[in-house]
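A look at the structure
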Amino acid sequence: MSTTKNNNNLLKFLPFSSTVEPSFWLSLSKLKLHSLKLNEDPVPIQGSFSITPPTIRNSKDSGSNNSSVGGLVRIRLDQSSLSSLDTNATKDCTIQNEVRILPGKVLVVNTKEGFKQCDKNEFIS
């Protein structure tokens, strides 16, 4: 019985990365100041999820002709994450840019006590 496995059948995981752009925080602060004010209801947001595929490059150091450079899995929030969830725009973005849109919510509380009263386990699940 052979113990050699075909590398194409192995399950591989890519490191996960998230990015929150400064423009997201600026847009959120403007929204809180001008629209939400003291309202503490969750605000709908959408993040973009993309996977950069691994690339193959020549590697003289490894002794082989080719080596694989791992891809990158990234979720990104920016100023457009607070715009309304338009289904047509989401479909176009998904098809054109190989990006998936992830809907979510952000909760902005007004006081330290309000933050302490939030059920943190609810947000994790």
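The shown structure was predicted, so the numbers you read here are calculated from the model rather than taken from an experiment.

1. Focus: helix H1 (residues 22-36)
For H1, with 15 residues, the first-to-last C-alpha span of 20 Å sits near the 21 Å given by 1.5 Å per residue. When we look at burial in H1, the residues that qualify are Phe-24, Leu-28, Lys-32 and Leu-36. Down the axis of H1, the buried set is contained in an arc of 70 degrees. They therefore lie on one face. Exposed and oriented more than 90 degrees from the buried face of H1 are Pro-22, Leu-33 and His-34. If you follow the buried residues of H1, they end up packed against strand S1 (16-20), strand S2 (43-52), strand S5 (72-77) and strand S6 (99-106). Positive phi shows up at Lys-37, right after H1, with a value of about 50 degrees.

2. Remarks on the environment of Ser-23
Within the secondary structure, Ser-23 sits in helix H1. With relative accessibility at 24%, the residue Ser-23 sits in the partly exposed group. In this structure the side chain of Ser-23 is engaged in a polar contact, spanning 2.6 Å, whose partner is the side chain of Gln-79.

3. Here's the deal with the pairing of S2
In the sheet, S2 pairs with S6 via 8 bridges, with the strands oriented antiparallel. Within S6, the residue paired with Ile-45 across the bridge is Gly-104. Where S2 meets S5, 5 bridges bridge the pair, whose relative direction is antiparallel. Bridged to Thr-52 within S5 is Leu-72.

About the cut-offs
- Residues numbered from 1 in each chain as written.
- Predicted model: local features only at pLDDT ≥ 70, side-chain atom pairs only at ≥ 80, totals over all residues.
- Heavy atoms only, no water.
- Helix = DSSP H or I, 4+ residues; strand = E, 2+ residues; numbered from the N terminus.
- Expected span 1.5 Å × (residues − 1).
- Buried < 20%, exposed > 50% of the residue type's maximum accessible area, 1.4 Å probe, protein only.
- Arc of directions from axis to C-beta.
- Contact = heavy atoms within 4.5 Å.
- Polar contact = N/O pair within 3.5 Å; in protein donor to acceptor, adjacent residues only side chain to side chain.
- Pairing = 2+ DSSP bridges.

Purely spatial values, then, with no claim about function.
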